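Next come the chains, spelled out residue by residue.
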Amino acid sequence: QVQLVESGGGLVQAGGSLRLSCAASGSIFRINDMGWYRQAPGKQRELVAIITSGRTTNYAGSVKGRFTISRDDAKNTVYLQMNSLKPEDTAVYYCYADGVASILPTDFNSWGRGTQVTVSS
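Calculation criteria
Residues numbered from 1 in each chain as written. Predicted model: local features only at pLDDT ≥ 70, side-chain atom pairs only at ≥ 80, totals over all residues. Heavy atoms only, no water. Helix = DSSP H or I, 4+ residues; strand = E, 2+ residues; numbered from the N terminus. Buried < 20%, exposed > 50% of the residue type's maximum accessible area, 1.4 Å probe, protein only. Polar contact = N/O pair within 3.5 Å; in protein donor to acceptor, adjacent residues only side chain to side chain. Contact = heavy atoms within 4.5 Å. Pairing = 2+ DSSP bridges. Axes fitted to C-alpha atoms, helices over the stretch in contact; angles between N-to-C directions.

Novice: Got a sec to walk through the environment of S121? Specific residues and values, please.
Specialist: Here S121 lies in the segment after β11 (115–120). In this structure, the C-alpha to C-alpha distance between S121 and Y79, residues 42 residues apart in sequence, is 25 Å.

Encoded structure:
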C-alpha cells in the first residue's frame, strides 16, 4: 500500500556527520507524521525524531541539538541530518510514516526496512 525506502546509512568516525533519507511511495493521499526510530543490538526500538505535517518536531533527549529532522512533501521524503555522531548512536535506523491512503483501507502506518549507522570511536 505505502512503502518506505531508507538510504544514507554507513560507517563514520565519531564527530562526523551523516544524512539519512526516506522516500514514501504507493497509494498516498496524505502523509501526517514522519519520523525516525532506531534499534541498537540488544535494545528496544526507540524514537529518534518525528515531524508532523505542520512541521512540529520532537526529538529524543539524547540527540537534541545534534540531529535535525526535515521533510519535503512534494517528494514524500523525510530526512535526518545527524551531526556530532557518537558511538552510542550506532543502530539500525528505521523510517516511519502514517497518514491517509488513496485506496481502502484508508489509514496507513508504514515502516522502512532500516539502514545501518555505525559510528566508530
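Novice: Lay out the side chain of R38 with the relevant residues and their values.
Specialist: Relative to the assigned elements, R38 resides in strand β4 (residues 28–39). The buried category is assigned to R38, whose relative accessible area is 6%. Looking at R38, its side chain comes within polar contact range of the side chain of E46, at 2.7 Å. Separated by 3.0 Å, the side chains of R38 and D89 make a polar contact. Excluding residues that lie within four positions of it along the chain, R38 makes contacts with Q44, R45, E46, V48, S62, V63, F67, E88, D89, A91, V92 and Y93.

Novice: Provide a residue-level description of the sheet that holds strand β1 (residues 2–7), including the pertinent values.
Specialist: The strand order β1-β3-β8-β7 describes an open sheet built from 4 strands, whose pairing is antiparallel. With partners counted over all chains shown, the strands left at the sheet margins are β1 and β7 (67–72), one partner each. Strand-to-strand twist of the sheet, defined as the mean angle between neighbouring strand axes without regard to direction, takes the value 15°. Relative to strand β3 (residues 18–26), β1 runs antiparallel, the two being bridged by 6 bridges. Looking across to β3, one finds that E6 is bridged to C22.

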